[in-house]
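Observations on chain architecture
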Amino acid sequence: MENVLLAFGLTLMAGLATGIGSVVAFFASTTNTRFLSVALGFSAGVMIYVSMVEIFFKAQESLVSALGEGLGNWINVASFFGGMLVIALIDKAIPQQGNPHEPKKVEEMSKPASEVKDKQLLKMGTFTALAIAIHNFPEGIATFTSALQDPSLGIAIAVAIAIHNIPEGIAVSVPIYFATGDKKKAFNLSFLSGLSEPVGAVVAYLILMPFLNDVMFGVLFAGVAGIMVFISLDELLPASRKYGEAHLSIYGVVAGMAVMAISLLLFI
């Protein structure tokens, strides 16, 4: 039960980081693009390393022990790419105007209303909030199941996901604030978009937990690895490079991998 509560807490913390992005948009005068570039690269490095070095092989171990060498390895690989397919289909289903992948800067908050010519801003901001909520749902399952299996692993994943949720909060807040002039409404929608992450954790607990055996755990864990690798390659790295210099993005990736590698070594 302690692990379950910790897993819920970590998932909630990661999801609500979108609210931090909203606060940054309201109170910062400029975007620290160099910091965001390194931070997003760091988050990608953590998620790629932990997925490929730790989670994938834990899933493999579980599936091989339950199904045998041949079938276990095939199911593991299929689940890994299945996780990628699921998040890719979710991404494909989101309307282009609401897709959260395009980075926003807080400087956009300071533009006078006369300069904002897009009359669909409220719709775009709402779509972005919905898109982020959809994206955060499988991330919530990933954080929860990882923390349940290994709390130290769950903490690392929760921190990485929280970092990448901050710019998503900015992406929701900027258009909604421009459309309504209401900071409270912009913050609330940004905050609510992150709540789908703990909802994902609840779904994982209520629906998946009763059926959790070696095979289910292996399939789920391999799928989580695929989801996190896809998110890193499709969202975090492109956003990191757009926010700052390309080299800063890669330095962040390497630093994230190094920190994750040392963390895993210390907990062995």
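**Overview of the overall build of the chain**
A count of helices and strands for the chain gives 10 helices and 0 strands. When the helices and strands of the chain are read in sequence order from the N terminus, they spell out α-α-α-α-α-α-α-α-α-α. Considering the chain as a whole, with its 268 residues, one finds that 50% of them fall into the buried category. For the chain, the exposed area adds up to about 12,300 Å²; of that, 69% sits on carbon and sulfur atoms.

**Let's talk about a nonpolar patch on the surface**
Nonpolar side chains collect at one region of the surface, where L67, L71, V215 and V219 lie side by side and expose about 270 Å² of accessible area between them. Along the chain, V215 turns up in helix α9 (residues 214-243). Given the relative accessible area of 30%, V215 is considered partly exposed.

**Some remarks on the packing of aromatic side chains**
As enumerated under the stated definition, the model contains 8 aromatic pairs in all. Ring plane angle 85 degrees and centroid distance 6.3 Å describe the contact between F144 and Y205, whose orientation is recorded as edge-to-face. You can see F144 sitting in helix α5 (residues 121-149) and its partner Y205 sitting in helix α8 (residues 196-208), a full 61 residues away along the chain. Judged by its relative accessible area of 0%, F144 falls in the buried class. By the ring-pair criterion, three or more aromatic residues cluster together here, those being F56, F57, F80 and F81.

**Some thoughts on the packing of helix α1 (residues 2-15) against α8**
Helix packing geometry: the angle between the two helix axes and the distance between the axes. In the contact formed by α1 and α8, the axes pass within 7 Å of each other and the chain directions differ by 155 degrees. Classed by the angle they form, the pair α1 and α8 counts as roughly antiparallel. Facing α1, whose interface residues are V4, F8, T11, L12, A14 and G15, α8 presents E197, P198, A201, V202 and Y205.

**Describing the side chain of E197**
Position of E197 among the secondary structure elements: in helix α8. E197 sits in the buried class, given a relative accessible area of 0%. Not counting residues up to four positions away in its chain, the partners in contact with E197 are T11, A14, G15, N136, E139, G140, T143, I161 and N165.

**Remarks on the confidence of the model for the chain**
Of the residues in the chain, 82% reach a pLDDT of 70 or more, and the chain-wide mean stands at 79. When mean pLDDT is compared element by element in the chain, helix α4 (residues 69-93) scores highest at 91, while helix α2 (residues 17-27) scores lowest at 76. Below a pLDDT of 50 lies the segment residues 97-102, which in the model reaches 19 contacts outside its immediate sequence neighbourhood of four places, other chains included. Long-range and interchain partners of residues 112-118, a stretch whose pLDDT sits below 50, account for 2 contacts in this model, where long-range means more than four residues apart.

**Comments concerning the packing of α1 against helix α6 (residues 151-180)**
As a packed pair, α1 and α6 sit with axes 8 Å apart at the nearest point and diverge in direction by 15 degrees. Judged on the interaxial angle alone, α6 and α1 are roughly parallel. As for the relative orientation of α1 and α6, their crossing is right-handed in sense. Two secondary-structure elements touch here, α1 through N3, L6, L10, M13, A14 and G15 and α6 through P151, G154, I155, A158, V159, I161, A162 and N165.

**Concerning the side chain of T143**
Secondary-structure assignment places T143 in helix α5. Among all residues touching T143, those that are not within four sequence positions of it are L10, T11, G154, I157, A158, I161 and E197.

Procedures and definitions
Residues numbered from 1 in each chain as written. Predicted model: local features only at pLDDT ≥ 70, side-chain atom pairs only at ≥ 80, totals over all residues. Heavy atoms only, no water. Helix = DSSP H or I, 4+ residues; strand = E, 2+ residues; numbered from the N terminus. Buried < 20%, exposed > 50% of the residue type's maximum accessible area, 1.4 Å probe, protein only. Areas by Shrake-Rupley, 256 points an atom, 1.4 Å probe, with all protein chains shown as cover. Patch = residues over 30% accessible without salt bridge, like charges linked within 9 Å, V, L, I, M, F, W, Y side chains within 5 Å. Salt bridge = Lys/Arg side-chain N within 4 Å of Asp/Glu carboxyl O. Phe/Tyr/Trp six-rings, centres within 6.5 Å; stacked < 30°, edge-to-face > 60°. Axes fitted to C-alpha atoms, helices over the stretch in contact; angles between N-to-C directions. Parallel < 35°, antiparallel > 145°, perpendicular 65-115°, else oblique. Contact = heavy atoms within 4.5 Å. pLDDT = per-residue confidence, 0-100. Left-handed = near helix turned anticlockwise from the far one by under 90°.

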